[in-house]
Amino acid sequence: MDSRKFYTIVLFSFLTISLQAQEPKDETVSVGAGYFDFMFYKFKDGSKTTYQHTQWDIAFSTDFMDGAVFVNEGTGSNRTLPPPEVELYHVANGNYADLDTTGMIRIYNEDNSWTMGAFNNIADPNNVIDQGWGNYNPQTRGIEGTQVFVIKLRNGQFKKLEIQSYSSMTASYAFRYADLDGNNETSESISKTAYAGKTLVYYSIENEEVLDLEPEAGWDFVFTRYYTPLPFQGDFLQYLLTGMLTNKGVEVVRADGVNVDNVDYLDYADDYSADSLRIIGHDWKDIDFNTFEWFIIADRAYFVRTAEGEIYKLVFVDFEGSRSGIASFEQTLLGTSTSTKDEFENLESFNVFPNPATDLVQMAFDLKESNESAVIRITNALGQSVLEYNRDVRSGFQVIEIPIDLASGMYYLSLQMGQDQISRPFVVK
């Protein structure tokens, strides 16, 4: 058979196949002995940034589109006095100047989103202007505080607390807090613009200090302690758990009941979600109450697509519990997925795998519609075409496997339809 005809047949068979990937990389993260720490982690370079839970009390979203305010739910497992845990309470119809704390109710962060903290969780879902701690003002496009809270600090002190406003004009929050009797009042303001690129800006009430804790290079998940509602006797109770919360822009899909060594990424390519920051969460592990030893859910894997478009397979290996707080996992870089909506209007996505490649390279793309032929081309670093095919392509998601016999070096794989063209670099080992 003519070799060109053979490659054409293989090239345009739309296959669902397992992706070749780089070798798995063993990693560990830790929340410390007794769970007293929290750690930011980034897949790309394995960078880790660790702080203690005791360093902050409340935190503010830096997103210009929301007014989310969070309470620090992280704490160690040694529950001795003074209380190591920050507690937040809502005082319904509270008056900041003359506060009556009768009937105050403890409230918790919404553990699904970085746009909904504990201070927002009291909002009326049927009232579009209700932001929880305050009401949205359409004229000023800001939020005006209407609610009063009580916060119990780690040193056992109670403070009354009011988020007074969020101004869209200055992108800043104003808030104040004092002893319950009104003494020792402190007023603060925090500007979002000073923390662009971060998810939250943090504040210590005990130390009266604004804190910039997130790493400059960004992060993909934070390994920490947090409360989540779990079913209990026909209702839900808030449980303090240890797990991983993903950052904004990070998408995850969980693969259950699989062989983690050969689970196929393409079986889950349409199921990524960024709707919940706890898709990884805490339940990759469980505890044997006979031995009180932790064990890993052996048939569960995760695929993670970072904000930069890199796709990783994540498989947990071990969790040592409170004696060290160490979690071990394997991460495997599968390739890079890049959104192309601004470059190529007819494309939803365009991915090239594996990278580096050896004897084949794969093109995965999602086409909105197709009424024309496409040119698929590989060029070398000098811009010279080394492989080229013309073919009518169908709409929807498809994967093309391209056998290659190329010298080591940098190449570009491109898809061209009419005047639109997109290309991605890949390396041949």
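Residues numbered from 1 in each chain as written. Predicted model: local features only at pLDDT ≥ 70, side-chain atom pairs only at ≥ 80, totals over all residues. Heavy atoms only, no water.

1. Examining the overall build of the chain
Here is step 1: Broken down by element type, the chain carries one helix and 30 strands.
Here is step 2: By the burial criterion, 51% of the 429 residues in the chain qualify as buried.
Here is step 3: Counted over contacts in the chain with a minimum sequence separation of 6, partners at least 24 positions apart contribute 57%.
Here is step 4: Surface accessibility of the chain: about 20100 Å² in total, with carbon and sulfur atoms responsible for 46%. (Helix = DSSP H or I, 4+ residues; strand = E, 2+ residues; numbered from the N terminus. Buried < 20%, exposed > 50% of the residue type's maximum accessible area, 1.4 Å probe, protein only. Contact = heavy atoms within 4.5 Å. Areas by Shrake-Rupley, 256 points an atom, 1.4 Å probe, with all protein chains shown as cover.)

2. Thoughts on the nonpolar core
Here is step 1: Ranked by size, the top nonpolar core spans 26 residues in total, and within it Ile-58, Phe-60, Phe-119, Ile-151 and Phe-175 carry the most contacts.
Here is step 2: The set of elements that each furnish at least two residues to this core consists of β4 (58-61), β5 (69-71), β10 (148-152), β11 (158-167), β12 (172-179) and β14 (200-204).
Here is step 3: Once residues lying within four places of it in the same chain are set aside, the contact partners of Phe-119 are Ile-58, Val-69, Phe-70, Val-71, Leu-88, Gln-131, Gly-132, Trp-133, Phe-149, Leu-161 and Ile-163. (Core = buried A, V, L, I, M, F, W, Y, C linked by side-chain atoms within 4.5 Å.)

3. Some remarks on the sheet that holds β4
Strand pairs in the sheet, formed through backbone hydrogen bonds, run parallel or antiparallel to each other.
Here is step 1: The antiparallel open sheet is built from four strands, whose spatial order is β5-β4-β14-β15. Both outer strands of the open sheet, β5 and β15 (209-211), are each paired with one neighbouring strand and no more. Strand-to-strand twist in this sheet, taken as the mean axis angle between neighbours without regard to direction, amounts to 25°.
Here is step 2: The pairing of β4 with β14 spans four bridges and is antiparallel. (Pairing = 2+ DSSP bridges. Axes fitted to C-alpha atoms, helices over the stretch in contact; angles between N-to-C directions.)

4. A few points about the pattern of salt bridges
Here is step 1: In total, this model carries 18 salt bridges according to the counting rule given.
Here is step 2: Here Lys-25 ties to Glu-27 by a salt bridge, and the two come within 3.7 Å at their closest N and O atoms.
Here is step 3: When its relative accessible area of 10% is taken as the criterion, Glu-27 is described as buried.
Here is step 4: Linking Asp-212 and Lys-198 is a salt bridge whose minimum nitrogen-to-oxygen distance equals 2.6 Å. Here the residue Asp-212 occupies a position in the loop between β15 and β16 (221-232), and Lys-198 occupies one in the loop between β13 (186-191) and β14, the gap between them amounting to 14 residues. (Salt bridge = Lys/Arg side-chain N within 4 Å of Asp/Glu carboxyl O.)

5. Quick look at the pairing of β12
Here is step 1: Taking burial as the measure, the eight residues of β12 include six buried ones, the bulk of the element.
Here is step 2: As paired elements, β11 and β12 share eight bridges and run antiparallel to each other. Residue pairing for β12: Lys-160 is matched across the bridge by Ala-178.
Here is step 3: Hairpin connection from β11 to β12: four residues lie between these consecutive antiparallel strands, with Ala-171 at a positive phi of about 50°.
Here is step 4: With antiparallel pairing between neighbouring strands as the criterion, β12 and β13 make up a hairpin whose turn holds six residues, including Gly-182 at a positive phi of roughly 95°.

6. Quick notes on the sheet that holds strand β26 (residues 373-380)
Here is step 1: Ordered by their spatial adjacency, four strands build an open sheet running β27-β26-β29-β30, and the pairing between neighbours is antiparallel. Each of the sheet's edge strands pairs with one partner strand only, and the pair in question is β27 (385-392) and β30 (420-428). Mean inter-strand twist for the sheet, computed between neighbouring axes without regard to direction, equals 15°.
Here is step 2: Relative to β30, strand β29 (residues 409-417) runs antiparallel, the two being bridged by nine bridges. Looking at β30, one finds that Leu-415 is bridged to Ile-422.

7. Let's talk about the packing of aromatic side chains
Here is step 1: What the rule picks out here adds up to 33 aromatic pairs.
Here is step 2: With centroids separated by 5.9 Å and ring planes inclined at 35°, the aromatic side chains of Tyr-268 and Phe-303 adopt a geometry described as tilted. One end of the pair, Tyr-268, is in the loop between β18 (251-256) and β19 (285-288); the other, Phe-303, is in strand β21 (residues 300-305), with 35 residues separating them in the sequence.
Here is step 3: Look at Tyr-268 and you get buried, because its relative accessible area is 17%.
Here is step 4: Of the residues examined, Phe-303 reaches a relative accessible area of 0% and is grouped as buried.
Here is step 5: Joined through ring pairs, the aromatic side chains of Tyr-35, Tyr-41, Phe-43, Phe-221, Phe-223, Trp-284, Trp-294, Tyr-302, Tyr-312, Phe-316, Phe-319 and Phe-329 make up one cluster.
Here is step 6: Against the face of Trp-284 rests Lys-285, its NZ or CZ located 4.9 Å from the ring centre. (Phe/Tyr/Trp six-rings, centres within 6.5 Å; stacked < 30°, edge-to-face > 60°. Lys NZ or Arg CZ within 6 Å of the ring centre and 35° of its normal.)

8. Examining unusual backbone geometry
Here is step 1: Geometrically, the link from Phe-353 to Pro-354 is a cis peptide bond, its omega value of -25° lying close to zero.
Here is step 2: Relative to the elements of secondary structure, Pro-354 occurs in the loop between β24 (347-353) and β25 (360-367).
Here is step 3: Unlike most non-glycine residues, Tyr-35 shows phi in positive territory, near 65°.
Here is step 4: Here Tyr-35 shows up in the loop between β1 (25-30) and β2 (37-41).
Here is step 5: Given the relative accessible area of 6%, Tyr-35 is considered buried.

9. Things to note about a nonpolar patch on the surface
Here is step 1: Taken together, the side chains of Val-128, Ile-129 and Tyr-136 make up a nonpolar region of the molecular surface, amounting to roughly 280 Å² of accessible area.
Here is step 2: With respect to the element layout, Ile-129 can be found in the loop between β7 (105-107) and β8 (134-137). (Patch = residues over 30% accessible without salt bridge, like charges linked within 9 Å, V, L, I, M, F, W, Y side chains within 5 Å.)

10. Some words on the pairing of β10
Here is step 1: For β10, a buried count of five out of five residues is recorded, marking the element as mostly surrounded by other parts of the structure.
Here is step 2: Side chains Val-148, Val-150 and Lys-152 of β10 all project onto a buried face; the interleaved residues Phe-149 and Ile-151 project onto the opposite face, where all are buried too.
Here is step 3: The pairing of strand β6 (residues 87-91) with β10 spans five bridges and is classified as antiparallel. Within β10, the residue paired with Tyr-89 across the bridge is Val-150.
Here is step 4: Pairing analysis gives four bridges linking β10 to β11, with the strands arranged antiparallel. Each bridged residue has a counterpart across the sheet, and for Phe-149 the counterpart in β11 is Leu-161.
Here is step 5: The hairpin formed by β10 and β11 contains five residues between the paired strands, and Gly-156 there has a positive phi angle of roughly 90°.

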